[in-house]
Amino acid sequence: MTDEDVDYSRGNATKIAYVDGRPTTITLRKCKLVVARGGVLSEHTFEKDVITVGAMDDNDIVLDDDTVSRNHCTIRLERDSYVLDDNDSTNGTFINRVRIRSAYLTPNQVITLGSTEIRFSPIDERVRIVPSERDRFGEVIGRDRRMREIYAILEKIAPTDATVVVEGETGTGKDVVARSIHGHSRRKDGPFMVFDCGAVPENLIESELFGHEKGSFTGAHTTRQGVFELANGGTVFLDELGELQLDLQPKLLRVLEQREIKRIGGTKPIKVDVRILAATNRNLEDEVAAGRFREDLFYRLTVVRVRIPALRERREDVRVLARHFLDNGSFNKDREGNRRIQEFAPGVLDRMTEYDWPGNVRELHNVIERAVSFAEGEAIELADLPEHIAWPRGVLPPHSEGEGRTDVNVAMPELRADTDGTFKDAKERWISSFERDYIASLLKRNSGNISHASREAQIDRKYFRKLMKKYGITAQDDEGDLDD
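Conventions and cut-offs
Residues numbered from 1 in each chain as written. Predicted model: local features only at pLDDT ≥ 70, side-chain atom pairs only at ≥ 80, totals over all residues. Heavy atoms only, no water. Helix = DSSP H or I, 4+ residues; strand = E, 2+ residues; numbered from the N terminus. Buried < 20%, exposed > 50% of the residue type's maximum accessible area, 1.4 Å probe, protein only. Contact = heavy atoms within 4.5 Å. Areas by Shrake-Rupley, 256 points an atom, 1.4 Å probe, with all protein chains shown as cover. Pairing = 2+ DSSP bridges. Axes fitted to C-alpha atoms, helices over the stretch in contact; angles between N-to-C directions. Phe/Tyr/Trp six-rings, centres within 6.5 Å; stacked < 30°, edge-to-face > 60°. Salt bridge = Lys/Arg side-chain N within 4 Å of Asp/Glu carboxyl O. Polar contact = N/O pair within 3.5 Å; in protein donor to acceptor, adjacent residues only side chain to side chain. Parallel < 35°, antiparallel > 145°, perpendicular 65-115°, else oblique. Left-handed = near helix turned anticlockwise from the far one by under 90°. Nonpolar A, V, L, I, M, F, W, Y, C, P; charged D, E, K, R; others polar. Patch = residues over 30% accessible without salt bridge, like charges linked within 9 Å, V, L, I, M, F, W, Y side chains within 5 Å.

Student: Looking at this structure, how should I read the overall build of the protein?
Tutor: The number of helices and strands found in the protein is 14 helices and 26 strands. Going through the 484 residues of the protein one by one, you find that 48% of them count as buried. For the protein, contacts bridging at least 24 residues in sequence account for 58% of all contacts bridging at least 6. Carbon together with sulfur atoms contributes 46% to the accessible area of the protein, which is approximately 24,800 Å² in total.

The following block contains the structure:
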């Protein structure tokens, strides 16, 4: 089945076309603005989705014209069209001699600002996607064809200012993709600010993002810059975008459309020059349909959408990543910086490749770190892996004495009947196994948040902690400290 109409951009200016679920072409939308004043022409080409025009030096096009306001007008992308907005200029903005407040632009239209004329022309650049020959892009590693197709997309969009939403399951490395995009952009020497929309208390999110003025609320003893101001000239990465409160979404939309923010308690708009990247493990279309995410913000953010495949969808990359973590992980270095563990014993990588890795790359990293700490020789043995990976269902592990602490970042084995001993003993072992796996799975699903996990289980938080202590399960508490 062929489907040329399916693309992650859903009508945005930068489009990725798919055939049979594989990316085939990427269309990059640019625009050309030819400025004419006093018989002098200057040409400007932009790959960004917001272009500002005015007399002030912080505009993308600076006009030396006394009849032009400081921040005269803005040209922005809205889905697949460019829109011209007048920013309450003194002398007005005109298209074909008609004064406008806001209007869609068409090819070769002439925009008049005071005594300056600007001719607008959109430019489409369509590029065929050929899988990259590389086995990595920045810090993103993998040889699978799907990953190399993603590298080809990232190589094209990273140098632009296009807004990118990175999608994928928890643990697939969406944050690593964002850092790699920033590292290959023209902003690579600027700040890279990360904001986790799901980790900051709701009453602090607005202040963290946009800043506040002194005295704007109880506890605001000093003026504070927010993430967008601190990232000026660089990139803001919004992690867990789907968790952003509905009432804050219009303010984020303002940043995207106007590239300006207002601090809490402030009245003066502050210009910011940032690129926005975002990540989510939620289906944003479903969130829009459910009324939890604004449709206009969805289209404004998803200029480019890149889905990172789960590790089970690219099993051969398990070997590549496992060797990379073993070779480069700080956990495998001694005090002199030499590698402690040199290799994997025969059969270990085969068994790891057969496992489904529900926690994806993050789980693989944690398993390698755990195995290194358990290994006694120069190679990681099967016995150094968690039992559910080393000895999958149907394969009996050798008996071992004692159990280590349960890592919530590693998936638990499936429950199976234990018929040894008396009914009472077997039942107690079964219940203990269930409790351990249930608690660990809930914590994993809630990213280690004890309050959220206990709420989902509908049990008291203190009792939840008691069970964690009983089975040696560790997680991050609500304040970010390790819970013992």
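Student: What is the right way to read the pairing of strand E20 (residues 275–280) from this model?
Tutor: Along any regular strand the residues' side chains alternate between the sheet's two faces. Counting buried positions along E20 yields six of six residues, so the element is predominantly enclosed. Where burial is concerned, the two faces of E20 agree: the one with Arg275, Leu277 and Ala279 and the one with Ile276, Ala278 and Thr280 are both buried. Across four bridges, the pairing between strand E15 (residues 164–167) and E20 is parallel. Among the inter-strand pairings, valine 164 is bridged to a residue of E20, identified as leucine 277. Of the pairings in the sheet, the one linking strand E17 (residues 235–239) to E20 comprises four bridges and is parallel in character. Counterpart to threonine 235 in the pairing with E20 is arginine 275.

Student: Help me out: how do you make sense of the sheet that holds E17 in this one?
Tutor: Sheets are built from strands that pair by backbone hydrogen bonding, the pairs being arranged parallel or antiparallel. With respect to topology, five strands assemble into an open sheet ordered E16-E17-E20-E15-E21, the strand pairing being parallel. Two strands lie at the open edges of the sheet, namely strand E16 (192–196) and strand E21 (304–307), each paired on one side alone. Taking each pair of neighbouring strands and ignoring which way they run, the sheet shows an average axis angle of 20°. Pairing of E15 with E21 involves four bridges; the strand directions are parallel. From the neighbouring strand, valine 166 faces E21, where its bridge partner is valine 306.

Student: Help me understand the packing of aromatic side chains in this model?
Tutor: To describe a pair of aromatic rings, one takes the distance between the centres and the angle between the planes. With the rule as written, the count across this model stands at five aromatic pairs. Ring centres 5.8 Å apart and planes at 15° place the aromatic pair phenylalanine 210 and phenylalanine 228 in the stacked group. Here phenylalanine 228 lies in helix H4 (residues 227–230) and phenylalanine 210 lies in helix H3 (residues 202–210), a separation of 18 residues in the sequence. Ring centres 4.7 Å apart and planes at 80° place the aromatic pair tyrosine 355 and tryptophan 357 in the edge-to-face group. On the basis of relative accessibility, which here comes to 12%, the residue tyrosine 355 falls in the buried class.

Student: So what exactly am I meant to see when it comes to the pattern of salt bridges here?
Tutor: Side chains bearing opposite charge may pair, as long as their charged atoms lie close to each other. By the definition in use, this model includes 36 salt bridges. Notably, a salt bridge pairs aspartate 161 with arginine 186, separated by 2.4 Å at the nearest N-O pair. Placement of aspartate 161 in the loop between helix H1 (145–157) and E15 and of arginine 186 in the loop between helix H2 (174–183) and E16 is noted, with a sequence separation of 25 residues between them. Residue class for arginine 186 comes out exposed when judged on its relative accessible area of 54%. Within this structure, Asp161, Arg186, Arg187 and Asp273 form a network of salt bridges that share partners.

Student: When you look at the sheet that holds strand E10 (residues 102–104) in this model, what are you seeing that I'm missing?
Tutor: Strand order in the open sheet formed by five strands is E5-E4-E6-E7-E10, with mixed pairing between adjacent strands. Because the sheet does not close on itself, it has two edges, and the strands there are strand E5 (61–62) and E10. In this structure, strand E6 (residues 73–78) lies alongside strand E7 (residues 81–86), joined through six bridges in antiparallel fashion. Across the sheet, threonine 74 pairs through a bridge with aspartate 85, a residue of E7. Sheet strands in contact with helix H5 (residues 249–258) are strand E4 (50–54), E6 and E7, and its direction is about 110° off that of E6.

Student: How do you make sense of the environment of glutamate 295 when you look at a structure like this?
Tutor: Structurally, glutamate 295 can be placed in helix H7 (residues 295–301). In sequence terms glutamate 295 and leucine 284 are 11 residues apart; their C-alpha atoms lie 9.3 Å from each other.

Student: Just checking my understanding: could you explain the environment of aspartate 144 for this structure?
Tutor: Tracing the chain through its elements places aspartate 144 in the loop between strand E14 (140–141) and H1. Its relative accessible area of 17% is what places aspartate 144 among the buried residues. With 13 residues separating them along the chain, aspartate 144 and proline 131 place their C-alpha atoms 9.7 Å apart. Aside from chain neighbours lying at most four places away, what touches aspartate 144 is Glu313, Arg314 and Asp317. Of the polar contacts made by the side chain of aspartate 144, one reaches the backbone nitrogen of arginine 146; its length is 2.8 Å.

Student: Honestly, the packing of helix H8 (residues 317–328) against helix H10 (residues 360–374) in this entry has me stumped. Any pointers?
Tutor: When two helices pack together, their arrangement is captured by the angle between the axes and the distance separating the axes. At their nearest, the axes of H8 and H10 sit 10 Å apart, and the two run at 50° to each other. Accordingly, the angle class assigned to the pair H8 and H10 is oblique. Judged by the twist between their axes, the crossing of H8 over H10 is right-handed. Each of Val318, Leu321, Ala322, Phe325 and Leu326 in H8 lies in contact with H10, whose residues at this interface are Val361, Leu364, His365, Ile368 and Val372. For the contact of H8 with H10, a count of residues per class yields nine nonpolar, one polar and no charged.

Student: Whenever I open this one, the environment of glutamate 243 confuses me. Can you help?
Tutor: Mapped onto the secondary structure, glutamate 243 falls in the loop between E17 and H5. Between the alpha carbons of glutamate 243 and arginine 282 there is a distance of 8.9 Å; along the sequence they are 39 residues apart. Residues in contact with glutamate 243, not counting those within four places in the same chain, are Cys197, Gly198 and Arg282. Of the polar contacts made by the side chain of glutamate 243, one reaches the side chain of arginine 282; its length is 2.8 Å.

Student: I tried to follow a nonpolar patch on the surface on my own but got confused; where do I start?
Tutor: Side chains of Trp430, Ile431, Phe434 and Tyr438 sit close together on the surface and give an oily, nonpolar patch of about 360 Å² of accessible area. Within the fold, tyrosine 438 resides in helix H12 (residues 423–445). Given the relative accessible area of 34%, tyrosine 438 is considered partly exposed.

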